[in-house]
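Chain residues, written in single-letter form:
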Amino acid sequence: MSQQPISLMEMPEWQALQQHFSEIQNKHMRDMFAEDDSRFDQFSVELNEILFDYSKNRITKETIGLLVELAHACELPQQIDAMFDAKKINATEGRAVLHTALRNQTDQPLVLDGEDVHHQVRTEIERAYQLAEQVRNGDWLGYTNKPITDIVNIGIGGSYLGPQMVTEALSPFVKPTLNFHFVANLDENQIDDVLAPLDPETTLFIVCSKTFTTQETMFNANTARNWFLSLVNDKSKLSKHFVAVSTNIEAAKSFGINDQNIFSMWDWVGGRYSMWSAIGLSIMIAIGKQQFEQLLKGASEVDQHFRSAELANNIPALMGLLGVWYNNFFDAQAIAVLPYSQHLHRFPAYLQQADMESNGKSVALSGKRINYSSGPVLFGELGNPGQHAFYQLLHQGTKLIPIDVIATARNISGDNKHQDALMSNVFAQTEALMKGKNEQEVRQELESGSLNQEAIDNLVPHKIFEGNRPSNTLLLQALTPSNLGSLIALYEHKIFTQGIIWKINSFDQWGVELGKQLAQSILKDLSADGNASSSSDSDSESNNSSNRDSSTTGLMSHYINQRN
Ligand code: G6Q
């Protein structure tokens, strides 16, 4: 007889954590550090050139033990194997999840539906490298035989955030004679601004779209093509200036892109996990084959670590479990990711998609609604600018917001004259969040000044910092391609770990669909005769418009009046 799977919160391992939480929830990290000076050694892990310090968390050895037991009870190790072994773990789309195969460094075949995935991956990436090297060497010539100077990546979501983030993060490795532009927004101001200074003779457009149907990308690609044709006036010249990356080869061909300029990807790569494939073509052009291979290598090393390290010593598993600890036991609603490295300025935006699109789900794989909290709100910004903006809330607000701080010990492009000052901020912030400042300390500080007793009494409560606010620190030796590859893979696997604990599918994104469908129906009405009325429509396709609410109808009418 088949048994109903036991729900997460009824698991004995969960209940043991609940009990443990009630015992330590009020314990202050200040005291934990005072009682045990080996916390840093106990709660930090080094992997190649990355140090992960998680000692400033509201945890004891027992907490980690219990979280690891929960992960085992949720079969995390078996699920990790299932992902790497090409099992179709993306159940709602019937797909394997194989971004790890895109960076696999071994010669071992990996068979999926009768095909060797590794062979397919290597073949396609070598084609992409060839194009990248031609552009970099000046051998890829535009229609007037001039080398390319500007590369415009047109794509959105996973076909944009990863390539843009990495190209920016690795700017010291980017070929200085090439300029990179990323167009994602449907507001034509973006593409118009990008195109304005460009010369069609020396511009290469990469249309990146897994489906080749995405509205924003198709609009922008058409605008780029029209711009090119308006200046060049000869369709036969397009082939030197437009390439595409897609699973939908036919659609890319009908857009007018030559067969040999289309690079494929596969349905087993999710958009937000796809920068390791030819979707990363702009990165390949920017940093070249050798450095792109380093990026893959760094990610692959984390893949091996995730697959083989004991969970108690496994960085992505620990990152994921600590997130569960705060999300589900402390009821923390948000997390902040705070890079102190300027070149990582797009990392929070990239991670926002990776995390929130993956784990922003409320139905378990079983099809049942979950009765616990899943993915948190993720936000972030560069560290120092953030300190002078929203860190106030992190230090003294009413919400508990665990943070990840990311920093590099060495700045590879400068002479490190700011480095000690920068790092002093990194260490000071996490120390302040952990320790806080108690009443006695505040009083002492104020009493050494010139204020009278009444003024001191009034000021004291405002100057108290409760502290006990958790942080992880990821300290990279430097922001190299290999370390960046590792950093991204750490977060990918953190997200995976949490998806397994929460029993959700981290690899679909049905939530993106409804808005897209409605936009299509609304656009049809907006482009028709400007009639946004909610009254009866006879054809069945306009069911949506007849069901439209008064707010949407009112806004549409107002827009139509204003636009005319
Ligand atoms: C990512 C999502 C989504 C997707 C974009 C672009 O995992 O699926 O962000 O990447 O909607 O889709 P296309 O690449 O198909 O244009």
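Bear in mind that the values here come from a model prediction, so they are computed numbers and not experimental data. (Residues numbered from 1 in each chain as written. Predicted model: local features only at pLDDT ≥ 70, side-chain atom pairs only at ≥ 80, totals over all residues. Heavy atoms only, no water.)

(A) Broad picture of the overall build of the protein chain. Each helix and strand counted, the protein chain has 22 helices and 13 strands in total. Computed over the C-alpha atoms, the radius of gyration of the protein chain is 26 Å, within 12% of the 24 Å expected from 2.2 N^0.38 for a compact globule of 564 residues. By its C-alpha atoms, the protein chain is 80 × 70 × 60 Å across when sized along the principal axes. The buried share of the protein chain, taken over its 564 residues, is 51%. Contacts in the protein chain between residues far apart in sequence, at least 24 positions, make up 75% of those at least 6 positions apart. (Helix = DSSP H or I, 4+ residues; strand = E, 2+ residues; numbered from the N terminus. Rg over C-alpha atoms; globule rule 2.2 N^0.38 Å. Buried < 20%, exposed > 50% of the residue type's maximum accessible area, 1.4 Å probe, protein only. Contact = heavy atoms within 4.5 Å.)

(B) Geometry of the layout of surface pockets. By volume, the largest pocket is sized at about 1000 Å³. Lining the largest pocket are 37 residues, with Thr211, Thr214, Gln509, Val512 and Lys516 positioned closest to its centre. If one sorts the elements of the lining of the largest pocket by residue count, helix α20 (residues 513-527) sits on top with four residues. When its residues are assigned to classes, the lining of the largest pocket shows twelve nonpolar, 16 polar and nine charged. Contributing to the lining of the second largest pocket are 25 residues, with Ser341, Gln342, Asn411, Gln419 and Leu422 lying nearest its centre. (1 Å grid on protein atoms, 1.4 Å probe; cavity = no way out; pocket = protein on both sides within 12 Å on 5 of 7 lines; lining within 4 Å. Points joined across faces, edges and corners; volume = space filled by probe spheres on them. Nonpolar A, V, L, I, M, F, W, Y, C, P; charged D, E, K, R; others polar.)

(C) The arrangement of the packing of aromatic side chains in detail. Using the criterion set out here, one finds 25 aromatic pairs in the structure. Ring geometry for Phe242 against Phe255: centres 6.2 Å apart, planes inclined by 50°, an arrangement best described as tilted. One end of the pair, Phe242, is in strand β8 (residues 242-246); the other, Phe255, is in helix α10 (residues 249-255), and 13 residues separate them in sequence. Each of the two residues, Phe242 as well as Phe255, counts as buried. (Phe/Tyr/Trp six-rings, centres within 6.5 Å; stacked < 30°, edge-to-face > 60°.)

(D) Local environment of the nonpolar core. Within the largest apolar cluster, 126 residues are counted, with the highest numbers of intra-cluster contacts made by Ile285, Phe347 and Leu484. In terms of residues, this core owes the most to one element, helix α11 (residues 281-308), which gives twelve residues. With residues up to four places along the chain from it excluded, the contact list for Ile285 reads Leu131, Ala132, Val135, Arg136, Ile151, Leu178, Phe180, Leu204 and Ile206. The next biggest cluster of nonpolar side chains, apart from the first, holds 24 residues, and it includes Ile154, Val183, Phe205 and Leu229. (Core = buried A, V, L, I, M, F, W, Y, C linked by side-chain atoms within 4.5 Å.)

(E) Region of the structure containing the pattern of salt bridges. Within this structure, the stated rule accounts for 27 salt bridges. Close ionic contact of Lys237 with Asp234 constitutes a salt bridge, the shortest N to O distance being 3.5 Å. Asp234 gets classed as partly exposed once you look at its relative accessible area, which sits at 28%. Residue Glu250 pairs with Lys253 through a salt bridge whose shortest N-O separation is 3.6 Å. Note that Glu250 and Lys253 are positioned in helix α10 at a spacing of three residues, about one turn of the helix. A relative accessible area of 54% means that Glu250 is categorised as exposed. By sharing partners, the salt bridges in this structure join Arg122, Glu126, Lys289 and Glu293 into a single network. (Salt bridge = Lys/Arg side-chain N within 4 Å of Asp/Glu carboxyl O.)

(F) Spotlight on a negative patch on the surface. On the surface, Asp187, Glu188, Asp192 and Asp193 cluster together into a patch of negative charge. Mapping Glu188 onto the fold places it in helix α8 (residues 188-195). Since its relative accessible area comes to 53%, Glu188 is described here as exposed. (Patch = residues over 30% accessible without salt bridge, like charges linked within 9 Å, V, L, I, M, F, W, Y side chains within 5 Å. Areas by Shrake-Rupley, 256 points an atom, 1.4 Å probe, with all protein chains shown as cover. Lys, Arg positive; Asp, Glu negative; His and termini not counted. Charge placed at Lys NZ, Arg CZ, Asp CG, Glu CD.)

(G) Structural detail: the packing of helix α6 (residues 117-137) against α11. Where α6 contacts α11, the axes come no closer than 8 Å and their chain directions differ by 125°. Taken together, the axes of α6 and α11 lie oblique to each other. Here α6 and α11 pass one another in a crossing that is left-handed. Together, Arg122, Ile125, Glu126, Ala128, Tyr129, Leu131, Ala132, Glu133, Val135 and Arg136 of α6 and Leu281, Met284, Ile285, Ala286, Ile287, Gly288, Lys289, Phe292, Glu293 and Leu296 of α11 make up the contact between the two elements. A per-class count over the contact of α6 with α11 returns 13 nonpolar, one polar and six charged. (Axes fitted to C-alpha atoms, helices over the stretch in contact; angles between N-to-C directions. Parallel < 35°, antiparallel > 145°, perpendicular 65-115°, else oblique. Left-handed = near helix turned anticlockwise from the far one by under 90°.)

(H) Expanded view of the sheet that holds strand β7 (residues 203-208). In space, the five strands of this open sheet follow the order β6-β5-β7-β8-β9, with parallel pairing throughout. Lying at the two open borders of the sheet, with one neighbouring strand each, are β6 (179-183) and β9 (262-264). For this sheet, the mean angle separating the axes of adjacent strands, direction not counted, is 20°. As judged from the five bridges shared by strand β5 (residues 150-154) and β7, these two strands associate in the parallel manner. Counted as the bridge partner of Asp150 is Thr203 from β7. Against the sheet, α6 touches β5, β7, β8 and β9, its axis set at about 145° to β9. (Pairing = 2+ DSSP bridges.)

(I) Up close: α11. With 28 residues, α11 extends only 31 Å from end C-alpha to end C-alpha; this falls clearly short of the ideal 40 Å at 1.5 Å per step. Of all the bends found along α11, the most pronounced is centred on Gly288 and spans about 115°. (Expected span 1.5 Å × (residues − 1). Bend = angle between axes of the 7 residues up to and from the residue.)

(J) Structural context of the confidence of the model for the protein chain. Scored by pLDDT, the protein chain has a mean of 95; 96% of the residues are at 70 or more. Residue range residues 534-543 is modelled with pLDDT below 50. Its contacts to residues more than four positions away, or to other chains, number seven contacts. (pLDDT = per-residue confidence, 0-100.)

(K) Geometry of the site of the ligand. Around the ligand, the surrounding shell holds 13 residues, and the nearest of these are Ser159, Ser209, Thr211, Thr214 and Gln353. Within the contact set of the ligand, an oxygen atom lies 2.6 Å away from a side-chain nitrogen or oxygen of Ser209. Between the ligand and the protein, one listed contact pairs an oxygen atom with a backbone N or O atom of Lys210 at 2.7 Å. When isolated, the ligand has an accessible area of 400 Å², and the protein chains bury 90% of it. With respect to the detected pockets, the ligand is housed in the largest pocket. (Near = heavy atom within 4 Å. Polar contact = N/O pair within 3.5 Å; in protein donor to acceptor, adjacent residues only side chain to side chain. Sits in = over half its atoms within 2 Å of the grid points.)

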